[in-house]
Amino acid sequence: NAGVTQTPKFRILKIGQSMTLQCAQDMNHNYMYWYRQDPGMGLKLIYYSVGAGITDKGEVPNGYNVSRSTTEDFPLRLELAAPSQTSVYFCASSYGVAGETQYFGPGTRLLVL
Amino acid sequence: QQQVKQSPQSLIVQKGGISIINCAYENTAFDYFPWYQQFPGKGPALLIAIRPDVSEKKEGRFTISFNKSAKQFSLHIMDSQPGDSATYFCAASKAGRRALTFGSGTRLQVQP
């Protein structure tokens, strides 16, 4: 199993550009999450999904959108990139409800200039 | 509102020493408390976790101590090794919620 994979590993965007961060898992997990990690701030939840077709906002959803058309994929969309979105983005998945181990991908480092 | 407060921000320990990282939470509805370990350039990985029905959990050199009345929990790394050098995050979640609330992280450096 590849686990949780994320692409790209690194990206530079100009202010106002758009992009999609890709996330895929091959563990047949129902739950998937997007976090952003800022230096010294820990990880903050952006969006999560409890299954295909079902998504919900996390702590910091503004400026992002998600979709979940399949169990395996959970892309994160940035529509109008802003410098405040410079961060490292992690996708994670888990099998069940709270208390289940979350498995994280390797992250995407995004720089908005 | 920071629901999980973690300290210290950074920690330097000599090889063979004990590393101690502390976390405090505010929400009494939290019922699952994991610790994640993150190496540079990698995603976090679950290290050890505890539920509030026990006061301590040990896995090898790693121990979680939990104080429900004080709303605090801590990670102890015994016989710390240079390979333990990483960033450690405490986290918490509550029944019915699928997402974790993370602490701000502790960067541990174990000197040989």
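Structural notes, computed from the coordinates. (Residues numbered from 1 in each chain as written. Chains lettered and ligands numbered in written order. Predicted model: local features only at pLDDT ≥ 70, side-chain atom pairs only at ≥ 80, totals over all residues. Heavy atoms only, no water.)

## A short note on the sheet that holds strand E1 (residues 4-7) of chain A
All names here are of chain A.
- Ordered by their spatial adjacency, four strands build an open sheet running E1-E3-E8-E7, and the pairing between neighbours is antiparallel. The sheet is open, and its two edges are formed by E1 and strand E7 (64-66), each paired on a single side. When strand polarity is set aside, the average angle formed by the axes of neighbouring strands in this sheet is 20 degrees. (Pairing = 2+ DSSP bridges. Helix = DSSP H or I, 4+ residues; strand = E, 2+ residues; numbered from the N terminus. Axes fitted to C-alpha atoms, helices over the stretch in contact; angles between N-to-C directions.)

## A word on the nonpolar core
- One finds B:Phe33, B:Trp35, B:Phe73, B:Leu75 and B:Tyr88 to be the most contacted residues of the largest nonpolar core, which totals 24 residues.
- Counting residues per element, the ones that place at least two in this core are strand E2 (10-14), strand E3 (19-25), strand E4 (30-38), strand E5 (45-50), strand E7 (62-67), strand E8 (72-77), strand E9 (86-94) and strand E11 (106-111) of chain B.
- In contact with B:Phe73, not counting residues within four places along its chain, are B:Ile21, B:Asn22, B:Cys23, B:Tyr25, B:Phe33, B:Trp35, B:Ser65, B:Phe66, B:Cys90 and B:Ala91.
- Counting residues in hydrophobic clusters, the runner-up holds 19 residues, among them A:Val66, A:Phe74, A:Cys91 and A:Val112. (Core = buried A, V, L, I, M, F, W, Y, C linked by side-chain atoms within 4.5 Å. Buried < 20%, exposed > 50% of the residue type's maximum accessible area, 1.4 Å probe, protein only. Contact = heavy atoms within 4.5 Å.)

## Regarding the pattern of salt bridges
All names here are of chain A.
- With the rule as written, the count across this model stands at five salt bridges over all chains.
- Residue glutamate 59 pairs with lysine 44 through a salt bridge whose shortest N-O separation is 3.7 Å. You can see glutamate 59 sitting in the loop between strand E6 (54-57) and E7 and its partner lysine 44 sitting in strand E5 (residues 43-51), a full 15 residues away along the chain.
- Of the charged contacts in the structure, one is a salt bridge between glutamate 79 and arginine 77, with a shortest N-O distance of 3.3 Å. (Salt bridge = Lys/Arg side-chain N within 4 Å of Asp/Glu carboxyl O.)

## Re the interface of chain A and chain B
- On the side of chain B, 19 residues touch chain A, which itself brings 20 residues to the contact.
- Inspection of the region where chain A meets chain B yields zero salt bridges.
- Of the residues forming the side of chain A that touches chain B, the biggest block, four residues, is contributed by strand E4 (residues 31-37) of chain A.

## Considering unusual backbone geometry
- Omega for the bond connecting A:Thr7 with A:Pro8 falls within 30 degrees of zero, at -5 degrees, which places this linkage in the cis form.
- Along the chain, the position of A:Pro8 falls in the loop between E1 and strand E2 (10-13).
- Here B:Ser7 and B:Pro8 are connected by a cis peptide whose omega angle stands at -5 degrees.
- As for its position among the elements, B:Pro8 is in the loop between strand E1 (4-7) and E2.
- Positioned with a positive phi, A:Asn28 is a non-glycine residue whose angle comes to about 60 degrees.

## A closer look at the state of the cysteines
- Inspection of the entire model under this criterion finds two disulfides over all chains.
- With a sulfur-sulfur separation of 1.8 Å, A:Cys23 is cross-linked through a disulfide to A:Cys91. One quick way to see it: the torsion about the S-S bond of A:Cys23 and A:Cys91 is about -70 degrees, and its sign makes the bridge left-handed. One end of the pair, A:Cys23, is in strand E3 (residues 19-25); the other, A:Cys91, is in strand E9 (residues 87-94), and 68 residues separate them in sequence. Like A:Cys23, the residue A:Cys91 is buried in the burial classification.
- Through a disulfide, B:Cys23 is tied to B:Cys90; the S-S separation comes to 1.8 Å. Measuring handedness by torsion sign, the sulfur bridge of B:Cys23 and B:Cys90 sits at about -95 degrees and is left-handed. With B:Cys23 in strand E3 and B:Cys90 in strand E9, this residue pair connects regions lying 67 residues apart in the sequence. Taken as a pair, B:Cys23 and B:Cys90 share a single burial class, namely buried. (Disulfide = S-S within 2.5 Å.)

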